[in-house]
Amino acid sequence: MLRLTVAESELTAGHHTEYSGMGFGFFYLAEFLNLFIIAGIAATVFLGGWAPVNIGIAAFDQVMNYIPGIVWFMGKAFFLVWILMWIKWTFPRLRIDQILKLEWKYLMPLALLNLVIMTVVVALGLYIK
């Protein structure tokens, strides 16, 4: 006979039973606020923040430079929010052990490898000036 490791009352989604009404609303508000904050930080750190996209074609770059920096920042941040929500809605049922496996076994070594490669590139001056 298959035995469950949790009680029947715990088989429902925990945040649906523990939070109701305004508590549930604040729970989701905090979750989506965190999503926008992380997207803003990622847009600043990885995508150049308020800097326009310049590809090296003078006419294109001149037009892009007319767009205000706040529009660039908000566009990049909302693009990242869209990507994050797309991932979240595509894979909605990841367990915490699956997320931790992804983070520690794959993403952390990849990040450390990226750090080592970029350190070597900067130390040896191999980047494009």
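So, here's what we can say about the structure.

Basis of the calculations
Residues numbered from 1 in each chain as written. Predicted model: local features only at pLDDT ≥ 70, side-chain atom pairs only at ≥ 80, totals over all residues. Heavy atoms only, no water. Axes fitted to C-alpha atoms, helices over the stretch in contact; angles between N-to-C directions. Helix = DSSP H or I, 4+ residues; strand = E, 2+ residues; numbered from the N terminus. Parallel < 35°, antiparallel > 145°, perpendicular 65-115°, else oblique. Left-handed = near helix turned anticlockwise from the far one by under 90°. Contact = heavy atoms within 4.5 Å. Nonpolar A, V, L, I, M, F, W, Y, C, P; charged D, E, K, R; others polar. Buried < 20%, exposed > 50% of the residue type's maximum accessible area, 1.4 Å probe, protein only. Lys, Arg positive; Asp, Glu negative; His and termini not counted. Salt bridge = Lys/Arg side-chain N within 4 Å of Asp/Glu carboxyl O. Core = buried A, V, L, I, M, F, W, Y, C linked by side-chain atoms within 4.5 Å. Polar contact = N/O pair within 3.5 Å; in protein donor to acceptor, adjacent residues only side chain to side chain.

1. Notes on the packing of helix 2 (residues 22–46) against helix 4 (residues 69–90)
No. 1: At a minimum axis separation of 8 Å, helix 2 and helix 4 run at an interaxial angle of 125°. Our classification of the angle between helix 2 and helix 4 gives oblique. In this structure, helix 2 meets helix 4 at a crossing whose hand is right-handed. On helix 4, the residues touching Glu31, Phe32, Leu35, Phe36, Ala39, Gly40, Ala42, Ala43 and Thr44 of helix 2 are Phe73, Lys76, Ala77, Phe78, Leu80, Val81, Leu84, Met85 and Lys88.
No. 2: Class assignment for the residues of the contact of helix 2 with helix 4 results in 13 nonpolar, two polar and three charged.

2. Some thoughts on the side chain of Asp61
No. 1: Position of Asp61 among the secondary structure elements: in helix 3 (residues 58–65).
No. 2: Within the buried set, Asp61 has no salt-bridge partner at all; the shortest N-O distance to an opposite charge, 12 Å, is to Lys76.

3. Here we look at the environment of Ala42
No. 1: One can find Ala42 in helix 2.
No. 2: The residues contacting Ala42, other than those within four sequence positions of it, are Leu47 and Leu80.

4. Details of the nonpolar core
No. 1: Counting residues in hydrophobic clusters, the biggest one holds seven residues: Leu35, Ala39, Ala43, Ala77, Leu80, Val81 and Met85.
No. 2: Those elements that place two or more of their residues in this core are helix 2 and helix 4.
No. 3: Among the elements that take part in this core, helix 4 stands out by supplying four residues, more than any other.
No. 4: Excluding its chain neighbours within four sequence positions, the residues that come into contact with Met85 are Phe32 and Leu35.

5. Quick word on the side chain of Lys76
No. 1: Here Lys76 shows up in helix 4.
No. 2: Engagement of the side chain of Lys76 in a polar contact is seen with the backbone oxygen of Gly49, the distance being 3.4 Å.
No. 3: Here Lys76 is in contact with Ala43, Leu47, Gly48, Gly49, Ala51 and Val53, once residues within four sequence places are set aside.

These figures capture arrangement, not role.
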